[in-house]
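# A closer look at the structure
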Amino acid sequence: MTHSSKSLLNMLLETVEKISLSKQILYGTFSGWIASYGLMKVGKTAALVIGGGIVLIEIASENGYVNINWNKINMRIEELAENRHQEDGEYWVDIVEQCIDINNERKKFEQKSVQRRTVDQDSIQSRRNNIVFLSSIFVGLLIGIGMS
C-alpha cells in the first residue's frame, strides 16, 4: 500500500470515528450494498460473456467451422512427453533453481514482515475504533448479494 493511499484510508477511518454510531451504520451499510451490487453485476456480466463464448464455440463446432485435429494434438503430446524424459536432468535443475529462488523470496518477505508489524499495530487500533462501521459494511455486502 502506498503512502498516499494509506493516508487516505486512515483519513477516511478517522473521519468515520468522529461521527455518530447511527451514521456509521448507515454509511457502512450503504457503501457495502453499493460495492456488492456492483460486484454482482460485474460477475453476472463476466459469466454471461464466458458462457456465451462457450456456447458459440460449441455451435461453431457443430456447424463445422471449428475442426480439431486430435491426431496432431496426441502426437504433439507424445513428443513433449518423450522430450521431458530425455531432458530429465535439466528438468530437476530447473526445480532446484526455483526452490532456491523461493527461499530467497521467503527471506526477503520475513525481513519486510518485521517492518510491517509496527504499521499493523496502527491499523489494528483503527479497526477497533471503527468496528461498527466495518461490521455494517459486511451487513451491506450481504444485503447487496441478497438483492442481486
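Residues numbered from 1 in each chain as written. Predicted model: local features only at pLDDT ≥ 70, side-chain atom pairs only at ≥ 80, totals over all residues. Heavy atoms only, no water.

For the protein chain, the name recorded in an unreviewed UniProt entry is FUN14 domain-containing protein, with Photinus pyralis as its organism. Here the protein chain is described in UniProt, under the heading Sequence similarities (unreviewed entry), as follows: "Belongs to the FUN14 family." Under the Subcellular location (unreviewed entry) heading, UniProt states for the protein chain: "Mitochondrion outer membrane". (UniProt positions renumbered as here; feature names shortened; annotations may be inferred.)

### With respect to the UniProt feature "transmembrane region" (unreviewed entry) in the protein chain
Here, UniProt's "transmembrane region" (unreviewed entry) annotation points to residues 46-66 and 131-147. The annotated region residues 46-66 carries 81% helix and 0% strand content, and the separation between its end C-alpha atoms amounts to 24 Å. Spanning residues 131-147, this segment combines 100% helix with 0% strand, and its end C-alpha atoms are found 24 Å apart. (Helix = DSSP H or I, 4+ residues; strand = E, 2+ residues; numbered from the N terminus.)

### Things to note about the side chain of Gln 24
Looking at where Gln 24 falls in the secondary structure, it is placed in helix α2 (residues 21-62). With a relative accessible area of 3%, Gln 24 lands in the buried category. Of note is the side chain of Gln 24, whose polar atom sits 2.8 Å from the backbone oxygen of Val 16. (Buried < 20%, exposed > 50% of the residue type's maximum accessible area, 1.4 Å probe, protein only. Polar contact = N/O pair within 3.5 Å; in protein donor to acceptor, adjacent residues only side chain to side chain.)

### So, the pattern of salt bridges
Taken as a whole and assessed by the stated rule, the structure comprises 1 salt bridge. Of the charged contacts in the structure, one is a salt bridge between Arg 76 and Glu 79, with a shortest N-O distance of 3.5 Å. Pair noted here: Arg 76 and Glu 79 are both in helix α3 (residues 70-86), with a separation of 3 residues, about one helical turn. Look at Arg 76 and you get partly exposed, because its relative accessible area is 45%. (Salt bridge = Lys/Arg side-chain N within 4 Å of Asp/Glu carboxyl O.)

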